[in-house]
Amino acid sequence: MSTNTRRCLCSSPVQKMASYNEEQFCVMAVAYALKKKQLHLQRKKRKARSKWVKEWLLKRNQFSHIHLLEELRLEVDDWRNYLRMDESCYVELLDLVTPLIEKQDTTMRPAISAHERLTATLRFLATGRNYADLKFTTIISPQSLGQIIPECCSAIYRVLCQKYLKFPSTEDEWLKIAEDFDKTTNFPNLLGAVDGKHVRIIPPRGSGSYFFNYKGEHSLVLMAVVNSNYEFIMIDFGVNGRISDGGVIEYTKFYDKLKNGTLCLPPPRSLKNTNHSFPFIFVGDEAFTLRPDFLKPFNQRELDHDKKIFNYRLSRARCRVENTFGIMSARFRIFHTAIGINLKAIERVVMACCVLHNFLRRKYASLYTPDNYCFD
């Protein structure tokens, strides 16, 4: 056997291990044991420093913003600005959601009250502050807020959606919407204005460009149908922002029923000063597909006098949905931030904001949206 061959065989890991004597193995074993013991002591030391809860978080009754709310009861405008609703409205909402969010005290510690849970949630929606920032005014840990706020948003939606976000199911309900549009926008046979809103998010790790939209942001799309009173009559949320509004609406049950003719729409009727029957329709912008029951503006490059008038009327009606998004975003500033929570929780937050908008718009319109707040 040549010298080179012996050198190669001796350089293998097996030969190297075999070449170690007993003393070297003992030294290596002792070093390994000492290193393992050192790591164990470090982990044990870290565990010894950890706490069940920070001391200042135990003093919620002393430092929480609940005491500030008691003072704000004397300043009606400040209360309304703090929670985006007046006290009577808040009390009504609290009574509705308490059975769904109230928790029992335990032998370990008292539960966070429904009052504290709801105020923390409304403050989160009103400001868009993250959990780590919100903990300093609510005196609730970010981990607890991460459970409380989505749960409370889900409860708000459940107790309000049946009454304040009810989709029309009869011809009479559709006719009422059409009459209101005719009075406010001079657009006859109109059943709803349709548009989508990009809700900015911090994308999940590893999502790449899946949520990246044409605005250069990551988003999920809120698709909505709105009546003439700036109220949502249909919302659908969750499609990634890469898809255009015209593509997003294809995923909604509303559009499926519209194409299948199962929306219970009124039959065509003649317009004022005409003998021709026209169908009831929805309106949207250029991103949507033109249909006999869904109109959009004429192309700007081929306008004559009549088409300009039509575009003006249609835009005036379609602005209802744009204004609705604007009102909700101005009241709930969560829409002015990139929401940095998990996707399921984002859906609960958005749905709660929509139903709260309808609730406040219908019951407290003069305070929620003053007369000079919207322009037709």
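Before going further, it helps to spend a moment on the pattern of salt bridges. Using the criterion set out here, one finds 15 salt bridges in the structure. The shortest N-O distance in the salt bridge between Asp 180 and Lys 176 comes to 2.9 Å. Of this pair, Asp 180 and Lys 176 both sit in helix α11 (residues 171–185), separated by 4 residues, roughly a single helical turn. For Asp 180, a relative accessible area of 23% gives the class partly exposed. The salt bridge partner of Glu 347 is Lys 344, with a shortest N-O separation of 3.9 Å. Of this pair, Glu 347 and Lys 344 are both found in helix α15 (residues 343–363), 3 residues apart, which corresponds to roughly one turn of the helix. Residues joined in a network through salt bridges with shared partners are Glu 70, Arg 73 and Glu 87.

Before going further, it helps to examine the packing of α11 against helix α14 (residues 305–331). Two elements in contact, α11 and α14, have axes separated by 10 Å at closest approach and are oriented at 120°. It follows that α11 is oblique to α14 by the angle criterion. Considering only the axes of α11 and α14, their crossing is right-handed. Along the contact surface, α11 presents Phe 181, Thr 184 and Thr 185, while α14 presents Arg 313, Arg 316, Ala 317 and Arg 320. Of the residues contributing to the contact of α11 with α14, the split by class is 2 nonpolar, 2 polar and 3 charged.

This part is about the environment of His 67. On the secondary structure map, His 67 appears in helix α5 (residues 66–72). Along the primary structure His 67 and Val 239 are separated by 172 residues, whereas in three dimensions their C-alpha atoms are 41 Å apart. If near-sequence neighbours (up to four positions away) are discounted, His 67 is found in contact with Asn 61 and Gln 62.

For the rest of this paragraph, the subject is α14. Between its first and last C-alpha atoms α14 spans 39 Å; for 27 residues at 1.5 Å apiece the expected length is 39 Å, and the two agree. Residue Arg 318 marks the point of greatest curvature in α14, where the axis turns by about 30°. Measuring from the side-chain oxygen of the N-cap residue of α14 to the backbone nitrogen of Asp 306 gives 3.2 Å; that N-cap residue is Asp 304.

An order of β3-β2-β1-β6-β7 is seen for the 5 strands of this open sheet, with the pairing classed as mixed. The open sheet has two edge strands, β3 (232–240) and β7 (294–295), and neither has a second partner. For strand β6 (residues 281–283) and β7, the ladder comprises 2 bridges, and the chain directions are parallel. Across the sheet, residue Val 283 finds its bridge partner in β7, namely Leu 295. Each of β1 (190–200), β2 (219–226), β3 and β6 is contacted by α11, which is oriented at about 85° to β1, the strand it contacts most.

So, about the confidence of the model for the protein chain. Model confidence for the protein chain is summarised by a mean pLDDT of 88, while 91% of its residues fall at 70 or above. Scored below 50 in pLDDT, residues 1–14 makes 6 contacts in the model with residues more than four places away or belonging to other chains.

The subject of this paragraph is the packing of helix α7 (residues 87–101) against helix α10 (residues 142–164). Describing two packed helices takes the angle between their axes plus the distance from one axis to the other. Between α7 and α10, the shortest axis-to-axis distance is 9 Å and the interhelical angle comes to 120°. It follows from the interaxial angle that α7 and α10 lie oblique. In this structure, α7 meets α10 at a crossing whose hand is right-handed. Residues Glu 92, Leu 93, Leu 96, Val 97, Leu 100 and Ile 101 of α7 pack against Glu 151, Cys 152, Ala 155, Ile 156, Arg 158, Val 159, Leu 160 and Tyr 164 of α10. By residue class, the composition of the contact of α7 with α10 is 11 nonpolar, no polar and 3 charged.

Buried residues dominate β3, accounting for 7 of its 9 residues. In terms of strand pairing, β2 meets β3 through 7 bridges, oriented antiparallel. The partner of Ala 224 across the bridge, within β3, is Ile 235. Hairpin geometry of β2 and β3 is characterised by an intervening segment of 5 residues between the two adjacent antiparallel strands and by a positive phi of about 60° at Tyr 230.

Core analysis: the biggest nonpolar cluster contains 97 residues, and Phe 282, Phe 332 and Leu 356 have the highest contact counts within it. For this core, the leading source of residues is α15, giving 12 residues.

Turning our eyes to something else, we now look at the packing of aromatic side chains. Considering all chains together, one arrives at 13 aromatic pairs under this definition. Each ring, one from Phe 187 and one from Phe 310, has its centre 6.3 Å from the other, and the planes form 55°; the classification is tilted. Of this pair, Phe 187 sits in the loop between α11 and β1 while Phe 310 sits in helix α14, placing them 123 residues apart in sequence. By relative accessible area, which is 6% here, Phe 187 ends up buried. Taken together through their ring pairs, the aromatic side chains of Phe 167, Trp 174, Phe 254 and Phe 282 make up a single cluster. The residue whose ring lies beneath Arg 123 is Tyr 82, and the NZ or CZ to ring-centre distance is 4.1 Å.

Conventions we followed
- Residue positions are given per chain, counting from 1 as you read along its sequence in written order.
- In keeping with the predicted nature of the model, local features appear solely for residues at pLDDT of at least 70, side-chain atom pairs appear and are counted solely at 80 or more, and the whole-chain, interface and lining totals rest on all residues.
- Note that the side-chain values use all heavy atoms of the structure and ignore hydrogens as well as water.
- When a carboxyl oxygen of Asp or Glu is within 4 Å of a side-chain nitrogen of Lys or Arg, the pair counts as a salt bridge.
- Numbering of helices and strands starts at the N terminus; helices are DSSP runs of H or I of at least 4 residues and strands are runs of E of at least 2.
- The buried label applies to any residue whose accessible area, calculated with a 1.4 Å probe on protein chains only, is under 20% of its type's maximum; exposed applies above 50%, and partly exposed to all values in between.
- Whenever a helix is involved, its axis is fitted only over the stretch in contact; in every case the axis is a line through C-alpha atoms, and angles between N-to-C directions fall within 0 to 180 degrees.
- Small angles under 35 degrees read as roughly parallel and large ones over 145 as roughly antiparallel, with 65 to 115 read as roughly perpendicular and the rest as oblique.
- It is the rotation of the near helix from the far one that decides the hand of a crossing: anticlockwise by less than a right angle makes it left-handed, clockwise makes it right-handed.
- Here, two residues are considered to be in contact whenever any of their heavy atoms come within 4.5 Å of each other.
- Amino acids are sorted into nonpolar (Ala, Val, Leu, Ile, Met, Phe, Trp, Tyr, Cys and Pro), charged (Asp, Glu, Lys and Arg) and polar (every other residue, Gly among them).
- Multiply 1.5 Å by the residue count of a helix minus one, and that product is the helix's expected span.
- Axes are fitted to the seven residues ending at a residue and to the seven starting at it; the angle between these axes is taken as the bend at that residue.
- Counted as a polar contact is a pair of N or O atoms within 3.5 Å, where, for protein atoms, one must be capable of donating a hydrogen and the other of accepting one, and residues adjacent in sequence contribute only when both atoms are in side chains.
- If DSSP finds at least two bridges between two strands, the strands pair.
- What pLDDT conveys is the predictor's confidence in a given residue, as a value from 0 to 100.
- Take the buried residues of types Ala, Val, Leu, Ile, Met, Phe, Trp, Tyr and Cys, join any two whose side-chain atoms come within 4.5 Å, and each joined set is a nonpolar core.
- A pair of Phe, Tyr and Trp rings is counted when the ring centres sit within 6.5 Å of each other, with Trp represented by its six-membered ring. The angle between the planes then sorts it: under 30 degrees is stacked, over 60 is edge-to-face, the rest tilted.
- We call a charge positioned over a ring when the NZ of a Lys or the CZ of an Arg lies within 6 Å of the ring centre and within 35 degrees of the ring normal.

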